[in-house]
Amino acid sequence: MVYDFLANLRDNNPLLLGLIRVLLIIVPILTLVPGLIWYERRLLSWMQDRVGPNRVATITLKNGKKIKLFGLLQPIADGVKLFFKEDITPKAIDRLIYFFAPALALFPAFALGGTMPWGPSEGFYGLLTPIANVDIGVLYVLAISSLGVYGIVLAGYASNNKYSLLGGLRSSAQLISYELAMGVAVASIVLATGSLKLTEIVRAQEGPLFGAITGLQNWFILTPYGFVAAVVFLICMVAESNRAPFDLPEAENEIIAGYHTEYSSMKFAVFFMGEYAAMFIFSGIFATLFLGGYNMLPINWLALGDYSSALKGVGEFMHSVNYWGAPIWFIGKCVFGITVYIWARATLPRLRYDQLMSLGWKSLLPTAVANFVVVAIWILAVRLHGFWIGVAAAALSYGMMYFLFKSFLGTVDKDKKVLEKRSVELVDGVVPEPVAAS
Amino acid sequence: MSLVPSIPPTTEQALFLGMAGLAAAASLGVVAIKSPIRAALCLVLNFFVLAFIYFSLGAQLLGITQIIVYAGAIMVLFLFVIMLLNLSAESETRKKFDFKIPLAALVGLGVFGIVGSQVLLPLQAINQPLSANDWGKPQALGYSLFTVYAWPIEAVSILLLVGIVGSIVLAKRKV
Amino acid sequence: MNGVPLVWYLGLGLFMFTCGAVGVVIRRNPVTVFMCIELMLNAVNLTFLAFARYMPTPLPGVAAQPQNWVSGQAVVVFVMAVAAAEVAVGLGIIMAIYRLRNEVDVDDMSMLRG
């Protein structure tokens, strides 16, 4: 019934159908962002060996008993606090750009979901997702993520504060450096698929693993070239959303919160929300490109029937579970990506600016380009000579790239001086005695 | 006479007129606005709207490349330089009455009139696009760039390499 | 069905080109002059694409299939690449001059004096 209504819309009123698709991306993100904030605070606290906010949603009944709800309403309390904070606007700012910059920072976070398929493109879900299945799917993602620089650099400039300007410029330098490696990593996946459309990339991941093993699906993270590309993309993704360990431009104890120093109350809430929405959608794109999109497990359910006929019914049942539960599997993978984000924040120390730049240009970009060349060699060898020669050629080229790297990196950092160990000498020569435990 | 829209304009015509008006206003803003940052932002708007016009022409790959290259990289570089050099509106000192401004505007109008009358008027009748519908898709452009235009692409890549090396050499403090 | 006539695209391209040319003459800050040059290059891109869409011509010596009628788009690709390289080098030059003189004004730097 709903399907007929939607099919009718597709034929007669495609604009309304497009609007429904847009709402189906924006409304879940807007409702999930508070959940993400809660999840981050709780998970970060657990990883740091403390409890985290758990008081807000406690219901006290009449007989004194309390129903604890794990602080689920904490984000609402945060929102209310931010709404009622005093909205301080400095006097010497560039007014037009100052008020426009948070909107410019929020726009790419939502616009990234434009070509992302959260369900299969046949049947019922095919009418609802993706918003626009354009031929240039992945390039759209790269274009919108490169527009994310503007909000930050304009916010830093308009604040008329030299630390904000510095934070804004550093952040934009970081963003454009990591965009490159991200683009080349995505390019190797596009090369392996043969199409720029995200729906085609997910469909290519439903084929047999390595093109040969029919029982498993060809999720790109399970292939060697896809694994390297996924690692590069993951690091670049964390750097693109300005999250720890790459959050030097916005960290409070480094640069007085950088480009959003002069933004208070709701404008800061807009930056905050944009960052979380960007985290969520980047995880979604990572899932689409490398983790097989909306599929449940990397198993080809319909091919189970080839192994034994008893499993055929099981295979078809699981296939329909895979189809109808597609949004659930997709959101699960997004939550997995968010968990990796929070895990990285809890574990890794912040990178200094020169370390950050050197990582982006000297480590990630050469790795991504070398991976791209290896994918090209593999595909060419497989097409000309068959599967096993292709594997041998890929292994040979990986080895060559490794030796090239080692020899090149050896020449670059040759003249870095190693600090010698210095011994500390006390002024009056008195060595303190160890304090006896009393 | 296709220089004026039909009344009422079709959807495509109305959309194009809106986008063209925005692009024209933005290009006037680049020339007229004194503050370099706001002129740069007008140029960003111009490039963005131009990308949409390319999409309306059917050139998808070039439209998205316009956003990635021009609006996403070149204009960010411009904004960097303006912010690093701390250029402000007062840095463009002007004489009281600069004779160049009205003269240049007049010459501009003259060029527009002459070229418009000679080039645009004979081409009025062309209303329908003649190229194939998947003319702008990545497949068509990619195929030709790798087969027909392979040599120019290699030359352009060498040019870009020279550009990278040149800008690094220029930016070093001590050679 | 009446679509958008070719002359509208060409008229917009001509307008942008004229704005850019006037801007190069009027503006005194080298960075702004550069931005007007970029405006001119974009006007040229739009003109090439409009002609390629409305009056495509096949290349000599190549089979007459629609996928070979992309000369206009190929030229736009080259123009974009050249513009990007030119902006990088040109802004590097401007920054080097600024480091030397601490002020930039195109009208004052008309002689090749050091």
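Residues numbered from 1 in each chain as written. Chains lettered and ligands numbered in written order. Predicted model: local features only at pLDDT ≥ 70, side-chain atom pairs only at ≥ 80, totals over all residues.

It is worth spelling out the overall build of chain B at this point. Secondary structure summary: chain B contains six helices and zero strands in total. Reading chain B from its N end, one meets helices and strands in the order α-α-α-α-α-α. In terms of overall dimensions, chain B is more spread out than a globule: its C-alpha atoms have a radius of gyration of 21 Å, far above the 16 Å expected for 175 residues. A burial count over chain B gives 33% of its 175 residues as buried. Looking at chain B alone, contacts between residues at least 24 apart form 56% of all its contacts between residues at least 6 apart. (Helix = DSSP H or I, 4+ residues; strand = E, 2+ residues; numbered from the N terminus. Rg over C-alpha atoms; globule rule 2.2 N^0.38 Å. Buried ≥ 20, exposed ≤ 12 C-beta atoms within 10 Å, placed from the backbone. Contact = placed C-beta atoms within 7 Å.)

This brings us to the overall build of chain C. The secondary structure content of chain C amounts to three helices and zero strands. Going from the N terminus to the C terminus, chain C shows its helices and strands as α-α-α. Across the 114 residues in chain C, those meeting the buried criterion constitute 48%. Within chain C, contacts between residues separated by at least 24 positions form 54% of all contacts whose residues are at least 6 apart in sequence.

Residue and element names in this part refer to chain A. Helix H10 (residues 224–240) packs onto helix H8 (residues 162–193) with a crossing angle of 155 degrees between their chain directions and a minimal axis gap of 9 Å. Taken together, H8 and H10 sit at an angle that is classed as roughly antiparallel. In the packing of H8 onto H10, the handedness of the crossing is left-handed. In this structure, H8 contributes Gln174, Leu175, Tyr178, Glu179, Ala181, Met182, Ala185, Val186, Ser188, Ile189 and Ala192 to the contact, and H10 contributes Tyr225, Gly226, Ala229, Val232, Phe233, Cys236, Ala239 and Glu240. Considered class by class, the residues forming the contact of H8 with H10 number 14 nonpolar, three polar and two charged. (Axes fitted to C-alpha atoms, helices over the stretch in contact; angles between N-to-C directions. Parallel < 35°, antiparallel > 145°, perpendicular 65-115°, else oblique. Left-handed = near helix turned anticlockwise from the far one by under 90°. Nonpolar A, V, L, I, M, F, W, Y, C, P; charged D, E, K, R; others polar.)

This next bit is on the interface of chain A and chain B. In this assembly, 17 residues from chain A lie in contact with 15 residues from chain B. Considering every element that reaches the side of chain A that touches chain B, the biggest residue donor is helix H6 (residues 137–146) of chain A, with five residues.

Now for the domain arrangement of chain B. Residues and elements named next belong to chain B. On domain assignment, one finds that chain B holds domain 1 (1–92) and domain 2 (133–175). Taking only C-alpha atoms, the centre of domain 1 and the centre of domain 2 are 23 Å apart. With five residues of domain 1 at the interface, the matching set in domain 2 holds five residues. Looking at the side of domain 1 that touches domain 2, its residues break down into three nonpolar, two polar and no charged. (Domains from an automatic or database assignment.)

We now examine the interface of chain B and chain C. Across the contact, 76 residues belong to chain B and 64 residues belong to chain C. When residues in the side of chain B that touches chain C are grouped by element, the largest group, 11 residues, is from helix H4 (residues 100–120) of chain B. Of the residues that constitute the side of chain B that touches chain C, the class distribution is 54 nonpolar, 19 polar and three charged.

Next up on the list: the environment of Gly293 of chain A. Residue and element names in this part refer to chain A. Summarising the element assignment, Gly293 is placed in the loop between helix H12 (266–290) and helix H13 (304–307). On a C-alpha basis, the gap between Gly293 and Ile331 in space is 9.7 Å, while along the polypeptide they are 38 residues apart. Those residues in contact with Gly293, other than ones at most four positions away along the chain, are Pro117, Val202, Gln205, Ala287, Thr288 and Phe330.

Where the two pairs of chains in contact are concerned, the greatest contact count is recorded for chains B and C. The two units chain A and chain C never meet; even their closest C-alpha atoms stay 14 Å apart.

This part covers helix H3 (residues 60–85) of chain B. Residues and elements named next belong to chain B. Taking 1.5 Å of rise per residue, the 26 residues of H3 would be expected to cover 38 Å, and the 36 Å separating its terminal C-alpha atoms lies within 8% of that figure. With 22 of 26 residues buried, H3 lies mostly within the body of the structure. A positive phi of about 55 degrees marks Asn86, the residue just after H3. (Expected span 1.5 Å × (residues − 1).)

Low-pLDDT portions of the prediction should not be read for the details of their coordinates. Across chain C, pLDDT averages 85, with 82% of residues at or above 70. Confidence metrics for the complex model read pTM 0.89 and ipTM 0.91. (pLDDT = per-residue confidence, 0-100.)

Here the focus is the nonpolar core. Judged by nonpolar contacts, the single largest core of 178 residues is most densely connected at Phe233 and Cys236 of chain A together with Ala40 and Met75 of chain B. If you count residues domain by domain, this core takes at least three from each of domain 1 (1–92) and domain 2 (133–175) of chain B. In this structure Phe233 of chain A touches Met182, Ala185, Val186, Phe286, Leu289 and Phe290 of chain A, once residues within four positions along its chain are discounted. (Core = buried A, V, L, I, M, F, W, Y, C linked by C-beta atoms within 7 Å.)

Our next topic: the confidence of the model for chain B. For chain B, the average pLDDT comes to 87, and 93% of its residues sit at 70 or higher. Confidence scores differ between elements of chain B, with helix H5 (residues 138–147) of chain B showing the lowest mean pLDDT of 87 and helix H2 (residues 36–57) of chain B the highest of 95.

Our focus in this paragraph is the environment of Ala143 of chain A. Looking at the element boundaries, Ala143 of chain A is found in helix H6. For the pair Ala143 of chain A and Leu36 of chain A, spaced 107 residues apart in the sequence, the C-alpha separation amounts to 25 Å. Not counting the four nearest positions on each side in its chain, Ala143 of chain A is found in contact with Ile64, Ile67, Ile68 and Gly72 of chain B.

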